[in-house]
Amino acid sequence: MNDNHTINEETALLAPAKKQQNPTPLPKVQIGIVLLLQLCEPITSLSVYPYINQLISELDITGGDERRVGYYAGLIQSLFYLTEAVMVMQWSRISDHIGRKPVILTGLVGTLVSILLFGLSRTFWTLVVSRCLCGLLNGNIGVMKSRMWELTDSSNRAQGYSLTSIVWAVGATLGPLIGGTFARPRERFPQIFGGQFWREYPYFLPCLVISSFVCASFIISLLFLKETVPKRIRDHRRSPVASGDATPVDALPVHSRNEPLPVRDLLTRPVIISISNYMVLAFLEIMLDALLPLFFAMPIRIGGLGFGPSTIGYIMGLYGVGVGVFEATFFAPTTRRFGERRIFLGGIMSFMPMFLLLPVMNYIARRSGVNLVVWLGIAIPDGIYGSSLDGTIGCIFMYVMASSPNKRSLGATSGLSQMCVSLTRAIGPALATSLFSLSVEKNMLGGYAVYAILFCISCLAIFLAVLLPEKVWEENDDDDVAHSD
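These numbers were taken from a predicted model, which means no experiment stands behind them.

Parameters and conventions
Residues numbered from 1 in each chain as written. Predicted model: local features only at pLDDT ≥ 70, side-chain atom pairs only at ≥ 80, totals over all residues. Heavy atoms only, no water. Helix = DSSP H or I, 4+ residues; strand = E, 2+ residues; numbered from the N terminus. Buried < 20%, exposed > 50% of the residue type's maximum accessible area, 1.4 Å probe, protein only. Contact = heavy atoms within 4.5 Å. Areas by Shrake-Rupley, 256 points an atom, 1.4 Å probe, with all protein chains shown as cover. Phe/Tyr/Trp six-rings, centres within 6.5 Å; stacked < 30°, edge-to-face > 60°. Lys NZ or Arg CZ within 6 Å of the ring centre and 35° of its normal. 1 Å grid on protein atoms, 1.4 Å probe; cavity = no way out; pocket = protein on both sides within 12 Å on 5 of 7 lines; lining within 4 Å. Points joined across faces, edges and corners; volume = space filled by probe spheres on them. Patch = residues over 30% accessible without salt bridge, like charges linked within 9 Å, V, L, I, M, F, W, Y side chains within 5 Å. Salt bridge = Lys/Arg side-chain N within 4 Å of Asp/Glu carboxyl O. pLDDT = per-residue confidence, 0-100. Disulfide = S-S within 2.5 Å. Axes fitted to C-alpha atoms, helices over the stretch in contact; angles between N-to-C directions. Parallel < 35°, antiparallel > 145°, perpendicular 65-115°, else oblique. Left-handed = near helix turned anticlockwise from the far one by under 90°. Polar contact = N/O pair within 3.5 Å; in protein donor to acceptor, adjacent residues only side chain to side chain.

**Some points on the overall build of the chain**
And step 1. Counting its secondary structure elements, the chain contains 18 helices and zero strands.
And step 2. The buried share of the chain, reckoned over its 485 residues, is 52%.
And step 3. Within the chain, contacts between residues at least 6 apart in sequence are counted, and of these 82% link residues at least 24 apart.
And step 4. A total accessible area of about 21,700 Å² is found for the chain, and carbon and sulfur atoms account for 63% of it.

Okay, structure coming up:
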């Protein structure tokens, strides 16, 4: 390294990467285990969606007022993100000290217990406890992203992160399918599930199926998952300074410390810019996620398209197909060709036409009904949504991980980003749907004010996105992490 190279608090984790002619082969076994673990996340969280509203109605939480069901369902969803925000950074920081594997195994146990408790819930408060427990104990969402980073290098990172998006798309399809298929088995499969237990707990079977998958993932991880935080680093954290002549760790410059850093030392310019962009992207995406089903379901006269649940399911299902096809085929080569910054900017800019198309489709439907033009309008945002947004998330997370001040703070940096993103995801759905209702109720801009507001937020997001460097923050492939199976 050049002795004149200046190191300060804004120096990123990585030094300039050496160009490679060919991508390094991915460590298939370890990558496969990480993808299996990541599959647990969407399957667990999305499996409750098909029956959560009916469950709340049957528990008589709303006092017979069906209009209040959505409020309680949204509250349960927000509680998961809020409790996750409280603990996800702590779990990620713990993983920097004791290793990734113990934290991952703990998260799987927490997921297993919480989903079984959810299936056995007969009161609103047990539903609340189960979702809060899942958020508090499950720090895997941040830790596994750190794990993926450690298993890849600059030559194959885009390929690795494209696989995570494919896995999420698969889980987003399987989760609701499991929840809808196995809910109320006493009615659907009376020959097998005709006992009194299944009458009292009609939603336990999908939870049992999900928990079996999580349990299998736990066993596989326990036996085959390798640790990526070197043992000598973990031992160093527990060992005193060997001699009086040794320099205390706290006296070393921030980026010379071969140990996890405190939160205040994480807040460098690269980290702040990267996480801020990640938060804005997650905020826009979660609001669109909440707004699209509402837009499709509402009657044409109040700003929607009046579709039934099955039609909405097919439309939203195409999103998963689009994600899978794009990530498997195009993400890695397009990222190598155009760079992470251009892909991210393109994804942020794609929100603008999507928010503009929604009121246009409703206007056409009011004039001529749901015709071919409206269906083409639906296909365009669905295609953009499936092909660009998940790739955009992959790109920004590469910026987040590369901004880490040192290699031993990858977990803390990932956890900080997930904590911030979880807070935005707890706020976004309620904000988007409330703006929709307010726009229609007050006839603001003809009922379309919600789209104008979200369009303006998308425009502002571009000004933040251009602060990202042309290339991911300087990168240095460290030999401390083994990339082999």
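On we go from here.
**Points about the packing of aromatic side chains**
And step 1. Applying the stated criterion to the full structure yields nine aromatic pairs.
And step 2. Aromatic pair phenylalanine 197 and phenylalanine 204: ring centres 5.5 Å apart, planes at 90°, arrangement edge-to-face.
And step 3. Judged by its relative accessible area of 35%, phenylalanine 197 falls in the partly exposed class.
And step 4. Residue classification places phenylalanine 204 among the buried residues on the basis of a relative accessible area of 11%.
And step 5. Between tryptophan 198 and phenylalanine 204 the ring centres are 6.2 Å apart and the planes differ by 40°, which places this aromatic pair in the tilted class.
And step 6. Pairwise contacts between aromatic rings join Phe189, Phe193, Phe197, Trp198, Tyr201 and Phe204 into one cluster.
And step 7. The ring of phenylalanine 118 carries the charged tip of arginine 131 above its face, separated from the ring centre by 5.9 Å.

**Topic: empty space enclosed by the protein**
And step 1. Evaluated as defined, the whole model comprises five cavities of 30 Å³ or more.
And step 2. There is about 80 Å³ of room inside the largest cavity.
And step 3. Cys40, Glu41, Thr44, Ser45, Phe80, Leu108, Thr111, Arg131, Cys134 and Asn138 are the residues that line the largest cavity.
And step 4. For the lining of the largest cavity, the secondary-structure elements that each account for two or more residues are α1 (28–46), α4 (100–119) and α5 (124–137).

**Focus on a nonpolar patch on the surface**
And step 1. Residues Ile219, Ile220, Leu222, Leu223 and Phe224 make up a contiguous nonpolar surface patch of about 470 Å² in total accessible area.
And step 2. Checked against the element boundaries, isoleucine 220 lands in helix α10 (residues 204–224).

**Notes on the pattern of salt bridges**
And step 1. According to the stated counting rule, one finds three salt bridges in the structure shown.
And step 2. Across the pair arginine 184 and glutamate 187 runs a salt bridge, and its minimum N-O distance is 2.4 Å.
And step 3. Among the residues examined, glutamate 187 registers a relative accessible area of 55% and is labelled exposed.
And step 4. Among the ionic pairs, arginine 341 bridges to glutamate 470, the shortest N-O distance being 3.0 Å. In this pair, arginine 341 sits in helix α15 (residues 340–368) while glutamate 470 sits in the segment after α18 (449–465), placing the two residues 129 residues apart along the sequence.

**Overview of the confidence of the model for the chain**
And step 1. Summing up the model confidence of the chain, the mean pLDDT is 76 and the portion of residues at 70 or higher is 76%.
And step 2. Counting contacts from residues 1–6, a segment whose pLDDT is below 50, to residues more than four positions away or on other chains yields one contact.
And step 3. This stretch, residues 13–18, has a pLDDT under 50; its non-local contacts, to residues over four places away or in other chains, come to 23 contacts.

**Details of the state of the cysteines**
And step 1. In the structure shown here, the tally under the stated rule is zero disulfides.
And step 2. Of all cysteine sulfurs, the one in cysteine 456 lies closest to cysteine 459, which takes part in no disulfide; the gap is 6.1 Å.

**Re the packing of α1 against α4**
And step 1. Running from N to C, α1 and α4 cross one another at 25°; their axes reach a closest spacing of 12 Å. In this view, α1 runs roughly parallel relative to α4, as classed from their interaxial angle. The hand of the α1/α4 crossing is left-handed. Facing Leu37, Cys40 and Thr44 of α1, the residues of α4 in contact are Ile104, Leu108, Thr111 and Ile115.

**Observations concerning the side chain of serine 403**
And step 1. With respect to the element layout, serine 403 can be found in the loop between α16 (372–402) and α17 (410–441).
And step 2. From its side chain, serine 403 meets the backbone oxygen of valine 400 in a polar contact 2.6 Å long.

**Overview of the packing of helix α13 (residues 269–297) against α15**
And step 1. Interaxial distance between α13 and α15 falls to 11 Å at its minimum, and their mutual angle equals 25°. If you check the angle between α13 and α15, you find them roughly parallel. Where α13 crosses over α15, the handedness of that crossing is left-handed. Of the residues in α15, those in contact with Asn277, Leu281, Leu284, Glu285, Leu288, Leu291, Leu292 and Phe295 of α13 are Phe344, Ile348, Phe351, Met354, Phe355, Leu358, Met361 and Asn362.

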